[in-house]
Amino acid sequence: MTEEMYSVEQVADRLGLHVRTVRGYIRSGRLRAVRIGKQYRIAASDLDALTGQARAAPSVARQAEVSSIVQIEGVDRAAADRLGTLVLTSANTGHDQANPLRVQTVYDEQRHRMKIIVLGDPASSAELLHLLDAVLNADNGLLDREVHDA
């Protein structure tokens, strides 16, 4: 079972605070958060610790989680869309549904750069990264279009 994660904005809404206040709590160490790229994510248990609410600790077997960020340069919008579809489809099929991979893609139009963020168990994450490596290094035409600055 994966713990629910909240954005800074979601925490601010839940607590009735300004986003800057929540970021201040994170910077001061009053609220624990994980930074993924340029954004913070707050675990439900850390939010509960801040508010003084205690959740019953579920008895879960110890497991590892991997977080990976893949940055791909020189990608046009169409190729980024194809890569995103491929990665999301792969993440949503053939993996343990109790511990799904979580994937987020971000495309920077001006820099022709794509980032793929993968969170999940080591085996599933490795499988997805191997697929991505195979696609990026294959001569399949997925990224063959030249990128021209506008």
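Residues numbered from 1 in each chain as written. Predicted model: local features only at pLDDT ≥ 70, side-chain atom pairs only at ≥ 80, totals over all residues. Heavy atoms only, no water.

Chemist: Which residues make up empty space enclosed by the protein, and what are the values?
Modeler: Taken as a whole, this structure holds two cavities of 30 Å³ or more when the rule is applied. Of the pockets and cavities examined, the largest cavity occupies roughly 50 Å³. Lining the largest cavity we find Thr2, Gln63, Ala64, Glu65, Asn99, Pro100, Arg102, Gly120 and Asp121. When its residues are assigned to classes, the lining of the largest cavity shows two nonpolar, four polar and three charged. (1 Å grid on protein atoms, 1.4 Å probe; cavity = no way out; pocket = protein on both sides within 12 Å on 5 of 7 lines; lining within 4 Å. Points joined across faces, edges and corners; volume = space filled by probe spheres on them. Nonpolar A, V, L, I, M, F, W, Y, C, P; charged D, E, K, R; others polar.)

Chemist: Would you mind going over the pattern of salt bridges in detail, with residue names and values included?
Modeler: As enumerated under the stated definition, the model contains seven salt bridges in all. Measuring nitrogen to oxygen at the nearest pair gives 2.6 Å for the salt bridge that ties Arg102 to Glu65. With a gap of 37 residues between them, Arg102 in strand S5 (residues 102-108) and Glu65 in the loop between helix H3 (44-51) and strand S4 (66-73) connect regions that are remote in the sequence. A salt bridge links Arg111 to Asp108; the nearest nitrogen and oxygen atoms lie 2.9 Å apart. (Salt bridge = Lys/Arg side-chain N within 4 Å of Asp/Glu carboxyl O. Helix = DSSP H or I, 4+ residues; strand = E, 2+ residues; numbered from the N terminus.)

Chemist: Which residues make up the sheet that holds S5, and what values do they have?
Modeler: Across the sheet, which stays open at both edges, the three strands sit in the order S4-S6-S5 with antiparallel pairing between neighbours. Because the sheet does not close on itself, it has two edges, and the strands there are S4 and S5. Averaged over all pairs of adjacent strands, the angle between their axes in this sheet comes to 10°, without regard to strand direction. Bridge count for S5 against strand S6 (residues 113-120) is seven bridges, and the pairing is antiparallel. Residue pairing in the sheet places Tyr107 in a bridge with Met114 of S6. Each of S4, S5 and S6 is contacted by helix H4 (residues 77-92), which is oriented at about 175° to S5, the strand it contacts most. (Pairing = 2+ DSSP bridges. Axes fitted to C-alpha atoms, helices over the stretch in contact; angles between N-to-C directions. Contact = heavy atoms within 4.5 Å.)

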